[in-house]
Amino acid sequence: THALTDTATRELRERTETLLRRLGVDTPEPGELRARTPITGGELITLRASDSAEVQAAIGRADAAFRDWRTVPAPQRAAVVRRLAALLTERQRELGELVTLEAGKIGAEARGEVQEMIDVCEFAIGLSRQLYGRTMPSERPGHRLMETWHPLGVVGVISAFNFPVAVWAWNTAIALVCGDTVVWKPSEATPLTALACHALLRRAAVDVGADPEVHQLIQGPAAVGEQLVDDPRVALVSATGSVRMGQLVAPRVAARFGRCLLELGGNNAAIVAPSADLELATRGIVFAAAGTAGQRCTTLRRLIVHADVAEPLLNRISAAYRQLRVGNPLEEGVLVGPLINERAYDGMCAALERALADGGELLCGGERFEGPDENAFYVRPALVRMPAQTEVVREETFAPILYAMTYRDLDTAIDLHNAVPQGLSSSIFTREQREAERFLAADGSDCGIANVNIGTSGAEIGGAFGGEKQTGGGRESGSDSWKAYMRRATNTVNYSTELPLAQGIRFE
Ligand code: NAD
């Protein structure tokens, strides 16, 4: 089987080199950073991590580029993003395939991730003409009161392995039209897709005559990210990853009064009410819980189902789980690819063990899928019936485990729903309007995303994306999330010949 693995890895390596070339990436200098594919667990390419001087220099170049970039009119800045969208459209298949090779996503999801990049570019292009400030009635005659939104500065983007390209695009497309420059530290697990995005963006800038230095890429482990976090020239640190990472990053940025935008872990739940359309709920649940092998921040991890429909629902989910094809994400028809690495697999096993010790019953899945590669980790999504929401259920395990609990009245279900430290995404499946509205109300779901009759994952870019509590409170992508990437100035203009003071104060 080793020979088979070696051949497979060699083929994947050749494919990777071809894709990188087609995406405009020069062969990187070999180094200590190892790009692996979770498909076989084999090594694709090695490259150098950025050293401290290189990180310094990259931040310096982004800071210098900002001086001019901030004065380019926003609709002109959008030209870079428009060109990036065109290049992404041309290269959607290649970049998607690289996402599959490096992150293990199935083709449809990998191409969908690139589609999301194109969508957010389009959103940012429109936004470039809508960076609206308000005007307010002044309390003084002959005065005008208004607010202006200005570019903020260098944005440091730290991203996670599981959305290696879309999260970068959410941040970068919007930061660029807002007049900011970007320094990106991608996950050390996905350096190759980062090289591709960086090359595409620089090419887009050159093609439209903009300064390519508006985007900088630095590569390496957490320590490289830390340098970005601590640098006072970085006005905003937009960090996506685990709660643990956020807990380390936030106080350091706060210590220098920098701004933080945090997109951290989730522990997303769905409530299934007695009136739910069980057919539709099952489809929504299976995609949200098993899709991307449970490695989305919005993955459905907890099911709170009414006791009257628990049996039929869990039977349907088990049946659907048994039919899911787990395997090589390059193969047509496979719906669940590999876990990113052995650590993720160990985490899944440990969580399952704890759940069973807490009285959980494994209804299906959970076993490692027998592939030819000992370094590749394919698992069948697990469905576990829990007697209570124990500690392990309240934690985010970044693997496909769905814990099911039952309830009798909606108040208890909502209490259970909100009784976790994270607050990213949530849903209710019901045909009762009262229940749906209650779930969306002030005393309903406490998450940043609350859905009705649709799963917890797969958000559209038009809405603001992010969550509360330990998820970090940040919002990215659509709606007015752009405000995090700009600074607001309040302007009072006196066009009279008098100098009346606010609050009627007399000073003479
Ligand atoms: P991770 O926290 O291990 O790493 C994320 C990034 O942070 C990486 O680039 C890493 O190098 C960097 N990093 C880690 N410690 C750092 C430090 N002290 N200073 C600076 N940078 C540091 O996360 P991961 O395993 O790559 O991704 C999975 C996690 O990300 C899950 O918890 C998932 O829920 C979360 N996630 C959240 C969102 C969201 O939008 N809320 C989106 C995707 C993933």
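Above this text you will find the structure in question.
Cut-off values and rules
Residues numbered from 1 in each chain as written. Predicted model: local features only at pLDDT ≥ 70, side-chain atom pairs only at ≥ 80, totals over all residues. Heavy atoms only, no water. Helix = DSSP H or I, 4+ residues; strand = E, 2+ residues; numbered from the N terminus. Near = heavy atom within 4 Å. Polar contact = N/O pair within 3.5 Å; in protein donor to acceptor, adjacent residues only side chain to side chain. Areas by Shrake-Rupley, 256 points an atom, 1.4 Å probe, with all protein chains shown as cover. Nonpolar A, V, L, I, M, F, W, Y, C, P; charged D, E, K, R; others polar. Phe/Tyr/Trp six-rings, centres within 6.5 Å; stacked < 30°, edge-to-face > 60°. Buried < 20%, exposed > 50% of the residue type's maximum accessible area, 1.4 Å probe, protein only. Lys NZ or Arg CZ within 6 Å of the ring centre and 35° of its normal. Axes fitted to C-alpha atoms, helices over the stretch in contact; angles between N-to-C directions. Parallel < 35°, antiparallel > 145°, perpendicular 65-115°, else oblique. Left-handed = near helix turned anticlockwise from the far one by under 90°. Contact = heavy atoms within 4.5 Å.

Enquirer: Any chance you could break down unusual backbone geometry for me, citing the residues and the numbers?
Expert: Note on backbone geometry: most residues besides glycine have negative phi, and most peptide bonds are trans. A positive phi angle is found at N453, which is not glycine, with a value near 55 degrees. Phi at S479 takes a positive value of approximately 50 degrees, unusual for a residue other than glycine. Here S479 is to be found in the loop between β20 (476-477) and β21 (486-494).

Enquirer: Please provide a residue-by-residue account of the site of the ligand, values included.
Expert: With respect to spatial proximity, 27 residues lie near the ligand, and among them S159, K185, E188, S242 and E396 are the closest. Between E263 and the ligand, the recorded distance is 3.4 Å, taken from a backbone N or O atom to a nitrogen atom. One of the side-chain nitrogen or oxygen atoms of E396 is found 2.6 Å away from an oxygen atom of the ligand. Protein contact buries 90% of the 850 Å² of open area that the ligand shows by itself. For the shell around the ligand, the elements supplying multiple residues, two or more each, are α8 (222-230) and α9 (243-255). Partitioning the shell around the ligand into residue classes produces 13 nonpolar, nine polar and five charged.

Enquirer: Can you break down the packing of aromatic side chains residue by residue, with the values?
Expert: In this structure the tally under the stated criterion is six aromatic pairs. Plain terms: the ring middles of W168 and W184 are 5.2 Å apart, the flat faces sit at 20 degrees to each other, and that makes the pair stacked. One end of the pair, W168, is in helix α6 (residues 166-177); the other, W184, is in strand β6 (residues 181-185), and 16 residues separate them in sequence. Just as W168 is buried, W184 falls in that class too. Sitting over the face of the ring of F163, K105 holds its NZ or CZ atom 3.5 Å from the ring centroid.

Enquirer: With reference to specific residues and values, describe the packing of helix α4 (residues 92-103) against helix α5 (residues 107-127).
Expert: Helices that pack against each other are described as a pair by the angle of their axes relative to one another and the distance between those axes. In the contact formed by α4 and α5, the axes pass within 8 Å of each other and the chain directions differ by 125 degrees. Taken together, α4 and α5 sit at an angle that is classed as oblique. Our pair here, α4 against α5, has a crossing hand that is right-handed. Between α4 and α5, the contacting residues are Q92, L95, G96, V99 and T100 on the first element and G107, A110, R111, E113, V114, Q115, M117 and I118 on the second. By residue class, the composition of the contact of α4 with α5 is six nonpolar, five polar and two charged.

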